[in-house]
Structures are given as structure tokens and as C-alpha cells.
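# Commentary on secondary and tertiary structure
If you want the building blocks of each chain, they are given just below.
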Amino acid sequence: MIARFRTWFDGRSRREKWMILVMLALLGVTLVWVLVLPIDDALSSARRRNADAAIRLAQTRAQVEAVKTVRRARPEAPTTPLDALVRESASAAGFALDSVAADGAKLRVHLNSARGGALLGWLGDLEGQGVIVDQLNVTDAGNHNVAADITFRKMAS
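Residues numbered from 1 in each chain as written. Predicted model: local features only at pLDDT ≥ 70, side-chain atom pairs only at ≥ 80, totals over all residues. Heavy atoms only, no water.

For the protein chain, an unreviewed UniProt entry supplies the name Type II secretion system protein M and the organism Sphingomonas panacisoli. On record in UniProt, under Sequence similarities (unreviewed entry), the comment for the protein chain is "Belongs to the GSP M family." (UniProt positions renumbered as here; feature names shortened; annotations may be inferred.)

## Things to note about the overall build of the protein chain
The secondary structure content of the protein chain amounts to four helices and four strands. Taken against the 2.2 N^0.38 rule, which gives 15 Å for 157 residues, the C-alpha radius of gyration of the protein chain at 37 Å runs more than 25% over that of a compact globule. The proportion of buried residues among the 157 residues of the protein chain is 17%. For the protein chain, long-range pairs separated by at least 24 residues make up 55% of all intrachain contacts whose partners lie at least 6 apart in sequence. (Helix = DSSP H or I, 4+ residues; strand = E, 2+ residues; numbered from the N terminus. Rg over C-alpha atoms; globule rule 2.2 N^0.38 Å. Buried < 20%, exposed > 50% of the residue type's maximum accessible area, 1.4 Å probe, protein only. Contact = heavy atoms within 4.5 Å.)

## A closer look at the environment of Ala 101
As for its placement among the helices and strands, Ala 101 is situated in strand E1 (residues 99-103). For Ala 101, a relative accessible area of 39% gives the class partly exposed. Considered as a pair, Ala 101 and Asp 83 are 18 residues apart in the sequence and their alpha carbons are 8.5 Å apart. The residues contacting Ala 101, other than those within four sequence positions of it, are Lys 106, Leu 107 and Arg 108.

Here it is in C-alpha cells:
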């Protein structure tokens, strides 16, 4: 096959040979431009995405470890009845509970007026005692105070 091509090529004039060589060079450049460069760009993009994914994976693993650490350090479920625990804690924090209603294993509480920061601090203290806020609805009560409807439950053992 190469011998046939060489015989055919040798039969061409000098001008035709140069034109064929230029054509083949342009074909080579075109193939590089159409095939090789997009493949190289795709590989570079894949390497960047892989590096980004590796970073996200490491961050996710660190977050999982942080969650595991928090779960190991969480408090035990309280043995005191939920109603008594919430009332005592609210009294100690200086809150007057406007209504308290048991709803199965949950406890619904309403406060007409409380400072937002103090309310969130009290809820954080309750969480440290094993009481979880199941639902929280906070609205503006005016004078830099908030009204809150809160549903509590005990932390699962």
C-alpha cells in the first residue's frame, strides 16, 4: 500500500507535491484543533472537578466527624416529667408561661412577651438538659419583645 502511494506521489509534479504536503499539514492542524484540543480541555476540566470533589469530600467527612462528636456528647433524656422540667426552667430563667398544655409526649407552651436573646438562651439551656424544641413560632410582640409558641419533647434515649 505504501509502495502504491509512493509511486502515485512520485508521479505528481513538484507543484502538486507541495500542494498535497500543505493539504496534509492543514489536515493535521485541523485534526489537532477539532479532536486533541477539546479532549485536552475536557481532561483539564475533569481534573478540576475531581480536585473540587476531593475537597468537598474532605469537608463533608470533617462535618460528619463533628456531628458524631456532638451526638456522643449529647445529654441523656431527662427522668423528670417534661411539664415540671419546663416550668422550673422557665421560672429560673424569669419567664412567665402564659399557657402550658400537654399533647401526648409533647408539651405546648405559649409566651406573650419575652426578650428574643433571653428566649433563645433558655431554649439552649433546655436542650442541654435533654429537652428538644420540636416546633417554634416566634412573632414580634412590640417593644423589642417577641411572642412564642413552642412545642417541646424529650430527647430520645
